[in-house]
Amino acid sequence: MYYKNQFIAYKKHLLDRYASLVEKSDNYRFEDEAKSDLAAFKAMKLLEKINQVQYLDREFTM
């Protein structure tokens, strides 16, 4: 049960961070293209981690 709570907390942290990076990317789109691209790149990398955690969470519950 501890691992299930740990997965939920980690997934929530990643999703919150992903949402903030996507918002930052959208906000800087017309002002500073470099900051926008960097935030979008970090968001893509974070989305990969989110998918890995979701897969592990699915494997854990089965």
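Let us look at the structure shown here. (Residues numbered from 1 in each chain as written. Predicted model: local features only at pLDDT ≥ 70, side-chain atom pairs only at ≥ 80, totals over all residues. Heavy atoms only, no water.)

1. Looking at the pattern of salt bridges
When their charged atoms lie close together, side chains carrying opposite charge are able to pair.
Now for step 1: Applying the stated criterion to the full structure yields two salt bridges.
Now for step 2: Between Asp16 and Lys12 there is a salt bridge, and its shortest N-O distance comes to 3.1 Å. With Asp16 and Lys12 both in helix H1 (residues 2–27) and four residues apart, the pair spans about one turn of that helix. (Salt bridge = Lys/Arg side-chain N within 4 Å of Asp/Glu carboxyl O. Helix = DSSP H or I, 4+ residues; strand = E, 2+ residues; numbered from the N terminus.)

2. With respect to the nonpolar core
Proteins that are soluble and globular tend to have nonpolar side chains buried together.
Now for step 1: Counting eight residues, the largest nonpolar core is built from Phe7, Leu14, Leu21, Ala39, Ala43, Leu46, Ile50 and Val53.
Now for step 2: At the level of secondary structure, the elements contributing two or more residues to this core comprise H1 and helix H2 (33–61).
Now for step 3: Of all the elements, H2 adds the most residues to this core, at five residues.
Now for step 4: Among all residues touching Leu21, those that are not within four sequence positions of it are Ala39, Lys42, Ala43 and Leu46. (Core = buried A, V, L, I, M, F, W, Y, C linked by side-chain atoms within 4.5 Å. Buried < 20%, exposed > 50% of the residue type's maximum accessible area, 1.4 Å probe, protein only. Contact = heavy atoms within 4.5 Å.)

3. Comments concerning H1
Now for step 1: The first and last C-alpha atoms of H1 sit 38 Å apart over 26 residues, in line with the 38 Å expected at 1.5 Å per residue.
Now for step 2: Among all positions of H1, only Phe7, Lys11, Leu14, Leu21 and Ser25 are buried. (Expected span 1.5 Å × (residues − 1).)

4. Let's talk about the environment of Ser36
Now for step 1: On the secondary structure map, Ser36 appears in helix H2.
Now for step 2: Looking at Ser36, the relative accessible area reads 6%, which means it is buried.
Now for step 3: In the structure, Ser36 is positioned eleven residues away from Leu47 in sequence and 16 Å away in space, judged by C-alpha atoms.
Now for step 4: Apart from the residues within four sequence positions on either side, Ser36 is in contact with Ser25, Tyr28 and Arg29.

No statement about biological role is implied by the geometric values presented.
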